[in-house]
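What follows is the residue order along each chain.
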Amino acid sequence: MDNDSANNSANKMWGGRFSMSPAQIMEEINASIDFDKVLAPQDIRGSKAHAAMLAAQGIISKEDEASIQAGLDQIMAEIEAGTFKFSRSLEDVHMNVEARLKDIIGAPAGRLHTARSRNDQVALDFRLYVRDRIDEFDSALAGLQLALARKAEVHAETIMPGFTHLQPAQPVTFGHHLLAYVEMLSRDRGRLRDARARLNECPLGAAALAGTSFPIDREMTARALGFDRPTANSLDSVSDRDFALETLSAASIAAMHLSRLAEEIVIWMTPQFGFIRLSDRFTTGSSIMPQKRNPDAAELIRAKVGRIAAAFQSLLMVMKGLPLTYSKDMQEDKEVTFDALDNFALVIAAMTGMVEDMEPNIEAMRRAASSGYSTATDLADWLVQRLGVPFREAHHITGRIVAEAERRGVELEHLPLEAMQAIEPRITADVYSVLSVENSVRSRTSYGGTAPHNVREMARLWINRLGENQMRG
């Protein structure tokens with residue numbers, strides 16, 4: 001695909017240079033229509049803009065342009081209706097569209113390719129496709145953020161254990177935990193928007209690699225297709241695939257974030273945790289064990305990051321050794337990208353559905369938050385704030401108190417005062433005010449902390465912001 005120098009005399013479009021038809025294996029490795037046909041809408045958009053520019057510049061007649069535009073509209077209608085027949089013998093989407101255009105309008109179809117090459121044509125189509133997908137992802141990720149923020153507001157006071165090393169560390173709220181993913185997704189959207197801004201230059205007009213001698217207006221086609229400007233170097237224009245690499249990189253990071261949440265959902269669904277429930281919409285049963293409720297959707301999301309990240313690595317390896325400009329290797333850019341971006345869209349939708357569907361087991365979460373001496377840091381902080389003990393000494397005292405509680409088999413809030421005073425005589429009954437998980441989370445009032453007031457305020461901020469964006473969209 002995309003190369004104006006391949007050998008295929010079976011296709012009349014090639015003209016008179018070649019006399020032999022390709023071997024069947026060559027056709028098999030060379031053809032790309034099986035996957036690049038998804039670019040047909042972008043190909044037609046680019047051709048319509050190119051034809052309009054050619055006519056405006058007097059390179060083709062207005063009559064020919066009108067025929068071309070009408071023919072392209074008919075082809076688009078056929079594609080949308082599912083009646084367009086893609087032919088493998090025509091190799092790629094560009095030749096399929098052009099051949100059908102010739103069937104419809106005759107000779108004027110041959111003027112459409114004036115002042116362009118399949119090299120700048122595919123660079124344009126691929127950029128348009130990736131840009132369209134980025135816009136789709138931005139909207140979908142915003143929807144997922146909104147689902148998380150709404151659930152976070154409802155559960156701003158629902159206490160759960162916060163973990164480090166997957167060990168209970170300090171009490172947090174479920175709402176606070178969900179908002180962590182809202183922040184991650186915000187960065188993901190930022191990376192995708194950055195990628196979009198960098199790709200938003202139009203390569204059309206670079207032709208095969210050196211530009212063209214025709215008096216084209218590249219600014220006109222760039223504006224018509226929604227680009228900020230034309231690309232500045234014809235060699236780079238046809239050989240660059242940074243836009244796909246950067247988008248795959250951003251998608252890989254975002255998919256990794258979704259995989260982390262999926263992993264937590266898998267853990268939370270186990271009977272040992274029992275933190276959340278998912279309905280039958282996002283779980284499956286076992287063919288042999290009737291008690292099972294498996295979080296298959298979360299497990300599949302967790303696995304998809306490998307597929308998406310592999311596409312990034314695959315394209316990186318394709319591009320790493322290519323001299324300027326176009327090489328047939330670059331035909332391998334699309335199939336992995338299409339697959340990765342399709343799967344990325346799927347995991348966003350599946351995660352949004354799971355977030356909306358899942359309900360926390362509030363009592364199980366609180367019970368887990370109360371175990372494992374998770375308020376030990378609160379005790380150390382109390383020793384510093386109330387008794388003026390240096391933190392390192394407070395840390396040591398707290399460790400001895402935890403050891404005593406562990407020896408007695410009780411949580412800190414149930415350890416007798418005299419047991420604590422035997423270790424640090426200055427401790428008073430006021431210490432119990434910080435040893436419950438409720439008081440612990442309420443005390444974390446620093447900006448970004450887990451105090452329910454903070455969580456509720458931040459959730460509402462995100463809900464308002466995302467709701468406004470949806471209205472604008």
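First things first, this report covers the structure right here in the doc. All values reported here derive from a predicted model rather than from experimental measurement.

A tally of regular secondary structure across the protein gives 18 helices and six strands. Each of the 473 residues in the protein was classed as buried or not, and the buried ones make up 51%. Of the contacts formed within the protein by residues at least 6 apart in sequence, a portion of 74% connects residues at least 24 apart. As presented, the protein carries roughly 21,800 Å² of accessible surface, and 52% of it is formed by carbon and sulfur atoms. Taking the average location of the 53 positive side-chain charges in the protein and that of its 64 negative ones, the two points are 1 Å from each other.

On to helix α6 (residues 118-154), then. Helix length check: α6 (37 residues) gives 54 Å between terminal C-alpha atoms against 54 Å at 1.5 Å per residue, within 8%. In terms of burial, α6 is largely enclosed, as 28 of its 37 residues are buried. With a side-chain oxygen positioned 2.9 Å from the backbone nitrogen of N119, the residue opening α6 is S117.

On to a nonpolar patch on the surface, then. A surface patch of nonpolar side chains, amounting to about 270 Å² of accessible area, comprises L209, L235 and L324. Examined against the element boundaries, L235 turns out to sit in helix α9 (residues 234-239). With a relative accessible area of 33%, L235 lands in the partly exposed category.

Where strand β1 (residues 159-164) and strand β2 (residues 167-173) come together, six bridges link them in antiparallel fashion. Note on β2: the bridge partner recorded for T164 is Q167. Linking two consecutive strands that pair antiparallel, namely β1 and β2, is a turn of two residues; a positive phi of about 60° is found at H165 within it.

Below, the discussion takes up the packing of aromatic side chains. If you walk through the whole model with that rule in mind, you get eight aromatic pairs. With centroids separated by 5.8 Å and ring planes inclined at 70°, the aromatic side chains of F174 and W268 adopt a geometry described as edge-to-face. With a gap of 94 residues between them, F174 in helix α7 (residues 174-199) and W268 in helix α10 (residues 242-269) connect regions that are remote in the sequence. W268 shares its class with F174; the two are buried. Pairing F273 with F275 gives two aromatic rings, centres 5.2 Å apart and planes at 75°, and the pair type is edge-to-face. Judged by its relative accessible area of 24%, F273 is partly exposed.

Turning to the packing of α6 against helix α12 (residues 332-357), a few remarks are in order. At a minimum axis distance of 9 Å, the contact between α6 and α12 shows a crossing angle of 15°. When the interaxial angle is binned, α6 and α12 end up roughly parallel. Crossing angle aside, the handedness with which α6 passes α12 is left-handed. Here the residues of the contact of α6 with α12 are counted per class, giving 16 nonpolar, three polar and eight charged.

To continue, consider the nonpolar core. In summary, soluble globular proteins display a tendency toward joint burial of nonpolar side chains. Grouped together as the largest cluster of nonpolar side chains are 101 residues, with contacts concentrated most on L148, I265, I276, F344, M351 and M354. Here I265 is in contact with I276, L278, A298, M351, M354 and M358, once residues within four sequence places are set aside. In this structure, L379, V389, V402 and V434 belong to the second largest nonpolar core, which totals 21 residues.

Let's shift gears to the environment of I427. Among the secondary structure elements, I427 is positioned in the loop between α16 (417-421) and α17 (437-443). Sequence-wise, I427 and L417 are ten residues apart; in three dimensions their C-alpha atoms are separated by 7.9 Å. Not counting residues up to four positions away in its chain, the partners in contact with I427 are W382, L383, L387, I401, L417, M420 and Q421.

What counts and what doesn't
- Residues numbered from 1 in each chain as written.
- Predicted model: local features only at pLDDT ≥ 70, side-chain atom pairs only at ≥ 80, totals over all residues.
- Heavy atoms only, no water.
- Helix = DSSP H or I, 4+ residues; strand = E, 2+ residues; numbered from the N terminus.
- Buried < 20%, exposed > 50% of the residue type's maximum accessible area, 1.4 Å probe, protein only.
- Contact = heavy atoms within 4.5 Å.
- Areas by Shrake-Rupley, 256 points an atom, 1.4 Å probe, with all protein chains shown as cover.
- Lys, Arg positive; Asp, Glu negative; His and termini not counted.
- Charge placed at Lys NZ, Arg CZ, Asp CG, Glu CD.
- Expected span 1.5 Å × (residues − 1).
- Polar contact = N/O pair within 3.5 Å; in protein donor to acceptor, adjacent residues only side chain to side chain.
- Patch = residues over 30% accessible without salt bridge, like charges linked within 9 Å, V, L, I, M, F, W, Y side chains within 5 Å.
- Salt bridge = Lys/Arg side-chain N within 4 Å of Asp/Glu carboxyl O.
- Pairing = 2+ DSSP bridges.
- Phe/Tyr/Trp six-rings, centres within 6.5 Å; stacked < 30°, edge-to-face > 60°.
- Axes fitted to C-alpha atoms, helices over the stretch in contact; angles between N-to-C directions.
- Parallel < 35°, antiparallel > 145°, perpendicular 65-115°, else oblique.
- Left-handed = near helix turned anticlockwise from the far one by under 90°.
- Nonpolar A, V, L, I, M, F, W, Y, C, P; charged D, E, K, R; others polar.
- Core = buried A, V, L, I, M, F, W, Y, C linked by side-chain atoms within 4.5 Å.

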